[in-house]
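Structural characterization, general
Listed here are the chains, written in short residue letters.
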There are 2 protein chains.
Amino acid sequence: MKKSAIRVLQSLQQAGGFASAQEVHQLITGKGDRIGLTTIYRALQSLQEEKLVDVLRREDGEAIYRLCGEAHHHHLVCKKCGRTVEIYGGAIEKWADAVADEYSFREVEHSADLFGTCSQC
Amino acid sequence: MKKSAIRVLQSLQQAGGFASAQEVHQLITGKGDRIGLTTIYRALQSLQEEKLVDVLRREDGEAIYRLCGEAHHHHLVCKKCGRTVEIYGGAIEKWADAVADEYSFREVEHSADLFGTCSQC
DNA sequence: ATGAAAACGACAATCATTTTCATTTCTGGT
DNA sequence: ACCAGAAATGAAAATGATTGTCGTTTTCAT
Ligand SMILES: [Zn+2]
Ligand SMILES: [Zn+2]
Ligand SMILES: [Zn+2]
Ligand SMILES: [Zn+2]
């Protein structure tokens, strides 16, 4: 693991939720530590490939990242305040398997996200 | 309704599914009709406010639009050859509603896509 | 110590989207 | 038809996130 990736992971941990690349950069440089924005982007990309961070999009299209447990799950995200619920298990897993089976696809992965308005917004 | 908005609606209808602003522009200018990209963006924004089009984001963040009321469906995509199956209905719709209900989210939309290897690859 | 390979970061490039602003088209009253 | 003001248009510039380039620095095994 690259040390820049570790620094990014730590700042994401500190952020506690979703943060954009620029916000991660500010979190690190705000402490006096020095790191380039380019390195942040590269670290986030690696972490994404290693499935250590989740990626979503704000409404304006900006990518936001956060630490992610290794267990497979889905997200229910409030469009307004960003509150996020992680959804584990459920009928979607069976549905995905059933669809893959019906069309004879193998090694099928899936992504699914729900976006709405939470009860407090 | 502005006439530019109508032209955009028609090309979205012709597209049959999701299309980006640039794709809409190409659909119109490709026929010899002339319209500015700026106008496309403005028309899509109005149509979005009037709730006549839905907007989603591609993985790279680009906004894609489709007619509201266009039949909702999901995709099963072969990672190797690109073959795509459209999936209508199924357990995922109930799952999404159930999850939204469980967490008291309102106006919940969802996206879900399956990626695997088709029987011919 | 030395050289190769990986990581780094300043800067430029790219690309979608927005803003600006001058020009064109529409509209209503005369 | 004529004309002024309003609305719409679109070319070009601005913006902002993300990616590419490339020279420099760090790491690491020999
Ligand atoms: Zn909320
Ligand atoms: Zn799942
Ligand atoms: Zn295939
Ligand atoms: Zn669905």
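Residues numbered from 1 in each chain as written. Chains lettered and ligands numbered in written order. Predicted model: local features only at pLDDT ≥ 70, side-chain atom pairs only at ≥ 80, totals over all residues. Heavy atoms only, no water.

1. Here's the deal with the overall build of chain A
- Scanning chain A from N- to C-terminus turns up four helices and six strands.
- Helices and strands appear in chain A in the N-to-C order α-β-α-α-β-β-β-β-α-β.
- When its C-alpha atoms are laid out on the principal axes, chain A stretches across 55 × 35 × 20 Å.
- Each of the 121 residues in chain A was classed as buried or not, and the buried ones make up 42%.
- Restricting the contact set of chain A to residue pairs at least 6 apart, pairs at least 24 apart contribute 44%.
- Element-wise, carbon and sulfur atoms account for 46% of the exposed surface of chain A, whose accessible area totals about 6900 Å².
- Treating the 15 positive side-chain charges of chain A as one cloud and the 17 negative ones as another, the clouds have centres 9 Å apart. (Helix = DSSP H or I, 4+ residues; strand = E, 2+ residues; numbered from the N terminus. Buried < 20%, exposed > 50% of the residue type's maximum accessible area, 1.4 Å probe, protein only. Contact = heavy atoms within 4.5 Å. Areas by Shrake-Rupley, 256 points an atom, 1.4 Å probe, with all protein chains shown as cover. Lys, Arg positive; Asp, Glu negative; His and termini not counted. Charge placed at Lys NZ, Arg CZ, Asp CG, Glu CD.)

2. Here we look at helix H1 (residues 3-15) of chain A
Residues and elements named next belong to chain A.
- Over its 13 residues, H1 extends 18 Å from the first C-alpha to the last, a length consistent with the 18 Å expected when each residue adds 1.5 Å.
- Looking only at H1, the buried set comprises Ser 4, Ala 5, Val 8, Leu 9, Ser 11 and Leu 12. For H1, the angular spread of the buried residues around the axis is 165°, confining them to a single face. Those residues of H1 that are exposed and angled more than 90 degrees off the buried face are Lys 3 and Gln 13.
- In the stretch just after H1, Gly 16 is the one whose phi turns positive, near 80°. (Expected span 1.5 Å × (residues − 1). Arc of directions from axis to C-beta.)

3. Side note on the sheet that holds strand E3 (residues 63-67) of chain A
Residues and elements named next belong to chain A.
- In space, the three strands of this open sheet follow the order E1-E3-E2, with antiparallel pairing throughout. With partners counted over all chains shown, the strands left at the sheet margins are strand E1 (19-20) and strand E2 (53-57), one partner each.
- In the sheet, E1 pairs with E3 via two bridges, with the strands oriented antiparallel. Bridge assignment links Ala 19 to a residue of E3, and that residue is Tyr 65.
- Set on the sheet, H1 makes contact with E1, E2 and E3; between it and E3 the angle comes to about 90°.
- Where helix H3 (residues 37-49) meets the sheet, it contacts E2 and E3, and its direction lies at approximately 110° from that of E2. (Pairing = 2+ DSSP bridges. Axes fitted to C-alpha atoms, helices over the stretch in contact; angles between N-to-C directions.)

4. Focus: a nonpolar patch on the surface
- A cluster of nonpolar side chains, B:Met1, B:Ile6 and B:Leu52, forms an exposed patch at the surface whose accessible area comes to about 260 Å².
- Secondary-structure assignment places B:Met1 in the segment before helix H1 (3-15). (Patch = residues over 30% accessible without salt bridge, like charges linked within 9 Å, V, L, I, M, F, W, Y side chains within 5 Å. Salt bridge = Lys/Arg side-chain N within 4 Å of Asp/Glu carboxyl O.)

5. Overview of the protein's contact with DNA strand C
- Taken together, 16 residues are adjacent to DNA strand C, and A:Ser4, A:Thr39, A:Arg42, B:Tyr41 and B:Ala63 come closest.
- Among the atoms of DNA strand C lying within 4 Å of the protein, the sugar-phosphate backbone contributes 64%.
- Within the side chain of A:Ser4, a nitrogen or oxygen atom sits 2.9 Å from a phosphate oxygen of DNA strand C.
- A:Thr39 is positioned such that a nitrogen or oxygen atom in its side chain is 2.8 Å from a phosphate oxygen of DNA strand C. (Near = heavy atom within 4 Å. Polar contact = N/O pair within 3.5 Å; in protein donor to acceptor, adjacent residues only side chain to side chain.)

6. Structural notes on the sheet that holds strand E3 (residues 63-67) of chain B
All names here are of chain B.
- In spatial order, the strands read E1-E3-E2; together these three strands make up an open sheet with antiparallel pairing. Bordering the open sheet on either side are strand E1 (19-20) and strand E2 (53-57), each of which pairs with just one other strand.
- H1 rests against E1, E2 and E3 of the sheet, and its axis sits at about 90° to E3.
- Each of E2 and E3 touches helix H3 (residues 37-49); the most contacted strand, E2, lies at about 110° to it.

7. A word on H3(B)
All names here are of chain B.
- Its 13 residues give H3 an end-to-end C-alpha distance of 19 Å, which sits within 8% of 18 Å, the value for a rise of 1.5 Å per residue.
- Listed as buried for H3 are Ile 40, Ala 43, Leu 44, Ser 46 and Leu 47. Mapping the buried residues of H3 onto a view down its axis gives an arc of 160°, with all of them on the same face. Looking at H3, the residues exposed on the side facing more than 90 degrees away from the buried face are Arg 42 and Glu 49.
- Packed against the buried residues of H3 are H1, helix H2 (21-29), E2 and E3.
- Looking one or two residues beyond H3, the residue adopting positive phi is Lys 51, at roughly 60°.

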